[in-house]
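Coordinate analysis (summary)
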Number of protein chains: 2
Amino acid sequence: MESVVFEVLADSTRRRIVETLGAGERAVHVLVEAVDIQQSGVSRHLRILHDAGFVRVRAEGQERLYSLCAGPFRELDKWMRQYRGLWEARLDRFGAELNRRQRARAGKRREIHP
Amino acid sequence: MESVVFEVLADSTRRRIVETLGAGERAVHVLVEAVDIQQSGVSRHLRILHDAGFVRVRAEGQERLYSLCAGPFRELDKWMRQYRGLWEARLDRFGAELNRRQRARAGKRREIHP
DNA sequence: AGTGTATATACACACACGTGTATACATCCC
DNA sequence: GGGATGTATACACGTGTGTGTATATACACT
C-alpha cells in the first residue's frame, strides 16, 4: 500500500478528530473543543485529512462542516485483510461458524502465528 | 486508542517488513534484502516492532527469526470496527443523524470524496 | 585459532512535522 | 457600518525520528 493512510493516522490529534467525526459532521470550532491545541492547528490537521481523502467539507454560513469519507477506511480494511488469519484462526476454536467463514475466504494459508 | 499501532505502521519501511513477515517468519538478513536500507536500520525497526508487540523472535543458530504477532492487528481491527458503518451498512445506526442533517441542508457542496 | 557471517547498539546528523503566534478573509448580528 | 465570530494560511521554532557509519558480540565453519 503506497497510501498515506497510516501516516495520517499516526498523529494522535488527528485520530481524535477522526473519532469525533465518527459521530457525524462537525464544525471546526466544535472540533477545537475536542482537542487540546489551537484552532490553527486543527485547521491544518483538517487540511491534511482532506488532502488524504479522510474528510469532506461543506460550507454553512461561516461554518465549515467536516464529515468522514469511506475511502481510507476501505483501504485500511483491505490492507488488514491480508493479516486477518493471524487472529481469526484463534477464534475458530470457539465456533465452527467462524471457522467455516475463514476457511472459505482464506484458501491456502501457509503459516499461522497465534 | 492510546496505542502506538499507527505510529509504528506510519513508516513505510516498517510496513514493508511487516508485509514480508506476513508470508511467514524470516531472518533479519532476509528482511534486509526486502528493503532498501542498511542492516542496522532493519534491526532498529525490528526493535520498534518488537517493543510494540508486532513481532516475536526466536534464535536459530546465529540467525534471529522474526514472525508476526496478532495483538496489534486485533487492536487495529477493533479501532476500525467503529467506522465500518461508513461503507458496509448503509444508513443505519449513527448514519441516521448524519443523513438527516445532510438532507436538511443539501446546499452547495464544494468537494466530494467518494 | 581464525575468518566470515549474523545481529544489535551507539553516535551524529539531517530533515520532517506538529505547534503557537500572528494575520487575513469571510460571515453573522446589532 | 462595525464589532464579533469562524476559518485558513504564513512564519518561526523546537523536537522527534529515520538513516548511515562504525563498532561490539555471538555463532559457524574450516
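Described in the following lines is the structure provided in the data block. (Residues numbered from 1 in each chain as written. Chains lettered and ligands numbered in written order. Predicted model: local features only at pLDDT ≥ 70, side-chain atom pairs only at ≥ 80, totals over all residues. Heavy atoms only, no water.)

**What to know about the sheet that holds strand β1 (residues 26-27) of chain A**
All names here are of chain A. Spatial strand order, β1-β3-β2: three strands in an open sheet with antiparallel pairing. What marks the edges here is a single partner per strand, and that holds for β1 and β2 (55-60). Bridge count between β2 and strand β3 (residues 63-68): six bridges; the pairing is antiparallel. Paired with V55 across the bridge in β3 is L68. Along the sheet, helix α2 (residues 12-21) makes contact with β1, β2 and β3, crossing β3 at roughly 90°. (Pairing = 2+ DSSP bridges. Helix = DSSP H or I, 4+ residues; strand = E, 2+ residues; numbered from the N terminus. Contact = heavy atoms within 4.5 Å. Axes fitted to C-alpha atoms, helices over the stretch in contact; angles between N-to-C directions.)

**Remarks on the nonpolar core**
Membership of the largest hydrophobic core comes to 52 residues, with the highest contact counts inside it found for F73 and W79 of chain A together with F73 and W79 of chain B. Residue contacts for F73 of chain A: discarding those within four places in its chain leaves V18, F54 and L68 of chain A together with W79, M80, Y83, L86 and W87 of chain B. (Core = buried A, V, L, I, M, F, W, Y, C linked by side-chain atoms within 4.5 Å. Buried < 20%, exposed > 50% of the residue type's maximum accessible area, 1.4 Å probe, protein only.)

**Observations concerning the packing of helix α2 (residues 12-21) of chain B against helix α4 (residues 39-51) of chain B**
Residues and elements named next belong to chain B. Remark: α2 packs on α4, axes separated minimally by 10 Å, with the N-to-C direction vectors making an angle of 75°. Here α2 is positioned roughly perpendicular relative to α4, judged by the angle of their axes. Counting all contacts with α2, which are made through T13, R14, I17 and V18, the residues of α4 involved are V42, H45, L46, I48 and L49. (Parallel < 35°, antiparallel > 145°, perpendicular 65-115°, else oblique.)

**As for the protein's contact with DNA strand C**
Lining the immediate surroundings of DNA strand C are 21 residues, of which R44 and H45 of chain A together with H29, Q62 and Y66 of chain B lie closest. Within 4 Å of the protein, atoms of DNA strand C come from sugar and phosphate in 57% of cases. Within the side chain of S40 of chain A, one N or O atom sits 3.0 Å away from a base oxygen of DNA strand C. When residues of the surface near DNA strand C are traced back to their parent elements, those giving at least two are α2 and α4 (39-51) of chain A together with α3 (28-34), α4 and β3 (63-68) of chain B. For the surface near DNA strand C, the element with the most residues is α4 of chain B, which contributes four residues. For the surface near DNA strand C, the per-class residue count stands at four nonpolar, 11 polar and six charged. (Near = heavy atom within 4 Å. Polar contact = N/O pair within 3.5 Å; in protein donor to acceptor, adjacent residues only side chain to side chain. Nonpolar A, V, L, I, M, F, W, Y, C, P; charged D, E, K, R; others polar.)

**So, the packing of aromatic side chains**
What the rule picks out here adds up to 11 aromatic pairs over all chains. Ring geometry for F73 of chain A and W79 of chain B: centres 6.3 Å apart, planes at 20°, overall stacked. Taken together, the residues span two chains, with F73 of chain A in helix α5 (residues 71-81) and W79 of chain B in helix α5 (residues 71-81). Judged by its relative accessible area of 1%, F73 of chain A falls in the buried class. The buried category is assigned to W79 of chain B, whose relative accessible area is 4%. Ring plane angle 50° and centroid distance 4.8 Å describe the contact between W79 of chain B and Y83 of chain B, whose orientation is recorded as tilted. (Phe/Tyr/Trp six-rings, centres within 6.5 Å; stacked < 30°, edge-to-face > 60°.)

**Looking at the environment of V42 of chain A**
Residue and element names in this part refer to chain A. Among the secondary structure elements, V42 is positioned in helix α4. Overall, the relative accessible area of 0% leaves V42 in the buried class. Between the C-alpha atom of V42 and that of K78, which follows or precedes it by 36 residues, the distance is 28 Å. Filtering out sequence-adjacent residues up to four positions away, V42 remains in contact with I17, V28, L31, V32, V35 and I37.

**Thoughts on the protein's contact with DNA strand D**
Neighbouring DNA strand D are 22 residues, the closest being H29, Q62 and Y66 of chain A together with R44 and H45 of chain B. Counting only the atoms of DNA strand D within 4 Å of the protein, the fraction contributed by sugar and phosphate is 57%. Here a base nitrogen of DNA strand D sits 2.8 Å away from a polar atom, N or O, in the side chain of Q39 of chain A. A distance of 2.8 Å separates a phosphate oxygen of DNA strand D from a polar side-chain atom of S43 of chain A. Those elements that place two or more of their residues in the surface near DNA strand D are α3 (28-34), α4 and β3 of chain A together with α2 and α4 of chain B. Among the residues making up the surface near DNA strand D, the classes are represented as five nonpolar, 11 polar and six charged.

On their own, these measurements won't tell you what the molecule is for.
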